[in-house]
Amino acid sequence: MAELGRIEGGVETPMRDGVVLRGDLWRPPSPAPAVVFRTPYGRRQISSDTLHPQHCLAGGFAALVQDTRGRFESDGEWRPVMWEQEAEDAYDTVEWAAAQPWCDGNVFLAGTSYLGIVAWLGAALRPPHLRGIAPAMTTGAAADVRDTGGALRLDHLVGWLAYMAADWLGRLGPDADPALVAKVAALIHDPERAMRRLPLAAMPELDLPGFPIRVGDLLDGRVRALPDWDHAAVEVPVLSVTGWYDVYATATVRGHLEMRRLRPDLRHELIVGPWAHTGALTHLQGEVNFGVAASAAAARLPARHLEFFRRCLDGPDGPAPVRYFLMGADEWRGAERWPPPGAARHALHLAGPAVAGGPPGRCPPSPAPRSPTATSTNRPPRYRAAAGASCTSAAWSPVRWT
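Predicted model only: the values in this text are computed from it and were never measured.

In this model, helix α9 (residues 249-262) (14 residues) spans 20 Å end to end at C-alpha, consistent with the 20 Å of a helix rising 1.5 Å per residue. Listing the buried residues of α9 in full gives A249, A251, T252, V253, G255, H256 and M259. The inward-facing, buried residues of α9 abut α3 (114-124), α4 (141-148), β7 (239-245), β8 (269-276) and β11 (322-326).

As structure tokens, then:
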């Protein structure tokens, strides 16, 4: 039986400032293209169904899964928000990997959410040996402001901070203050209570001596929760992956369209499934079953990543660059571009009232008549969508009132 490859733990990668980052290496018997995953969540806890290191190895690629700076076994100082540093570390890791005897000089960056954002940031610095990136479910600061109208994704932010605070306390071991542990445990058990208490900036559950970030730092803008990057600086093909239920669906699709506009000479691909912003990309969303074919596994999502990487090396010929799951028809379809040719746009208007515990609001094709007793001067936004798209799909875009 032919040897598939080997796994080496604790592989050290030096950064430009001398800090050593550590990762696990999955390597074939002979030099091969390498896929780099950089994660703050623990290199042995890669859980996204988009692509795993074992998929890479089985497909003839090497894979390096690295703890980011200051996390788990990597040296250096960890800060919850250090996007400029992540960009430089991604660049250095790509160039280091390309020079190793187990790599043939071709490197890719991949990953979901934070890992995908890091891939974008690294690509924007233009590492010479980077051949493509596959960021899934990502957004940037400007894109998120546009998608939320400037509102803070408070539940998203508090959930992430609670996870990182629990991890930070766990790494203190027996030295962790039991009172601080109890505060974070209370936040994880009942985050809504903390989010409804004013002022938000005082949130005592995250007021942890020694923890390197506070909610108030994010609320007043002293710390950026999300980065921005220059799409025009990215000079490699991009495979963008998202889901209709992903909170970053619109931003992910917009990033794909921007790369198609800026670099039409490169083959940029897009995959959109009926998935949420989670690791497990199944065919189920709540009580809705889209059929087994809707899952990432049945859709061959890991294999499609590897096929994309091969096209980056061997040539752009291949199937339609856009692949999306059409809900309602519950089937996968391909297209040469997004939105797909023939898609019709429909203007929908928000209509209410939508009251907790009462009847839901509606999205009729015509605006609701004005109530003569209405006192609000706020006009609800109007949205338009491609035919067949869901309310949460990235096909929706706000339009101006006329």
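Next comes the rest of the account.
All told, the structure shown has 29 salt bridges when counted by the stated rule. Of the charged contacts in the structure, one is a salt bridge between R69 and D89, with a shortest N-O distance of 3.0 Å. Pair noted here: R69 is in the loop between β4 (62-67) and α2 (83-98) and D89 is in helix α2, with a separation of 20 residues, a long-range link. Judged by relative accessible area, R69 falls into the buried class, the value being 6%. A residue is classified by how much of its surface remains accessible, and D89, at 1% relative accessible area, is buried. Within the structure, one salt-bridge network assembled from shared partners comprises D17, R38, R69, E86 and D89.

What follows deals with the packing of α2 against α3. Two elements in contact, α2 and α3, have axes separated by 8 Å at closest approach and are oriented at 70°. Relative to α3, α2 is oriented roughly perpendicular. Mapping the contact onto sequence places W83, E86, A87 and A90 in α2 and Y114, I117, V118, L121 and G122 in α3. When its residues are assigned to classes, the contact of α2 with α3 shows seven nonpolar, one polar and one charged.

The next point concerns helix α5 (residues 154-172). Given a rise of 1.5 Å per residue, 19 residues ought to cover 27 Å, and the 27 Å separating the end C-alpha atoms of α5 matches this to within 8%. Buried within α5 we find L154, L157, V158, L161, A162, M164, A165, D167, W168 and L169. Buried positions along α5 lie against α6 (178-189), α7 (191-196) and α8 (215-219). Positive backbone phi, at 60°, marks G173, one or two positions downstream of α5.

The subject of this paragraph is the packing of aromatic side chains. Each pair of aromatic rings is reported with the distance of its centres and the angle of its planes. If you walk through the whole model with that rule in mind, you get 17 aromatic pairs. A centroid spacing of 5.4 Å and a plane angle of 75° characterise the contact between F325 and W332, whose relative ring orientation is edge-to-face. Lying across the ring of W78, R71 places its NZ or CZ 4.9 Å from the centre. The ring of F72 has R171 sitting right over it, with the charged end atom 5.3 Å from the ring centre.

We now examine the layout of surface pockets. In this model, the largest pocket occupies a volume close to 1,100 Å³. The wall of the largest pocket is formed by 41 residues, among which Y41, S113, H156, W160 and Y248 lie closest to the centre. Taken together, the elements giving at least two residues each to the lining of the largest pocket come down to β3 (32-39), β5 (103-112), α3, α4 and α5. Considering only residue class, the lining of the largest pocket consists of 22 nonpolar, 16 polar and three charged.

Let's shift gears to unusual backbone geometry. Note the cis peptide between L198 and P199, where omega equals -5°. Structurally, the position occupied by P199 is in the loop between α7 and α8. Omega for the bond connecting W338 with P339 falls within 30 degrees of zero, at -5°, which places this linkage in the cis form. For P339, the position within the fold is in the loop between β12 (331-335) and β13 (345-349). Of note, the phi angle at D330 is positive, near 55°, even though the residue is not glycine. Relative to the elements of secondary structure, D330 occurs in the loop between β11 and β12. Its relative accessible area of 35% is what places D330 among the partly exposed residues.

Our next topic: the state of the cysteines. A covalent bond between the sulfur atoms of two cysteines is what we call a disulfide. On inspection of all chains with the given rule, the structure shows zero disulfides. There is no disulfide at C56, and the cysteine sulfur nearest it, in C103, is 12 Å away. Of all cysteine sulfurs, the one in C56 lies closest to C312, which takes part in no disulfide; the gap is 13 Å.

With that settled, consider the side chain of S295. Here S295 shows up in the loop between β10 (288-289) and α10 (301-314). From its side chain, S295 meets the backbone oxygen of V292 in a polar contact 3.0 Å long. Sequence-distant contacts of S295, that is, excluding residues within four places in its chain, are made with W275, L281, T282 and H283.

Applying the stated rule across the entire model yields one cavity of 30 Å³ or more. Of the volumes computed, that of the largest cavity is approximately 40 Å³. Taken together, F37, T50, L51, A110, G111, A134, A136 and H305 make up the lining of the largest cavity. Counting residues per element, the ones that place at least two in the lining of the largest cavity are β5 and β6 (130-136).

Here α5 crosses α6 at 150°, and the two axes come no closer than 10 Å. In this view, α5 runs roughly antiparallel relative to α6, as classed from their interaxial angle. In the packing of α5 onto α6, the handedness of the crossing is left-handed. Within the contact between the two elements, α5 uses V158, A162, A165, A166 and L169 and α6 uses L180, V181, V184, L187 and I188. In the contact of α5 with α6, the residues fall into ten nonpolar, no polar and no charged.

Criteria and thresholds
- Residues numbered from 1 in each chain as written.
- Predicted model: local features only at pLDDT ≥ 70, side-chain atom pairs only at ≥ 80, totals over all residues.
- Heavy atoms only, no water.
- Helix = DSSP H or I, 4+ residues; strand = E, 2+ residues; numbered from the N terminus.
- Expected span 1.5 Å × (residues − 1).
- Buried < 20%, exposed > 50% of the residue type's maximum accessible area, 1.4 Å probe, protein only.
- Contact = heavy atoms within 4.5 Å.
- Salt bridge = Lys/Arg side-chain N within 4 Å of Asp/Glu carboxyl O.
- Axes fitted to C-alpha atoms, helices over the stretch in contact; angles between N-to-C directions.
- Parallel < 35°, antiparallel > 145°, perpendicular 65-115°, else oblique.
- Nonpolar A, V, L, I, M, F, W, Y, C, P; charged D, E, K, R; others polar.
- Phe/Tyr/Trp six-rings, centres within 6.5 Å; stacked < 30°, edge-to-face > 60°.
- Lys NZ or Arg CZ within 6 Å of the ring centre and 35° of its normal.
- 1 Å grid on protein atoms, 1.4 Å probe; cavity = no way out; pocket = protein on both sides within 12 Å on 5 of 7 lines; lining within 4 Å.
- Points joined across faces, edges and corners; volume = space filled by probe spheres on them.
- Disulfide = S-S within 2.5 Å.
- Polar contact = N/O pair within 3.5 Å; in protein donor to acceptor, adjacent residues only side chain to side chain.
- Left-handed = near helix turned anticlockwise from the far one by under 90°.

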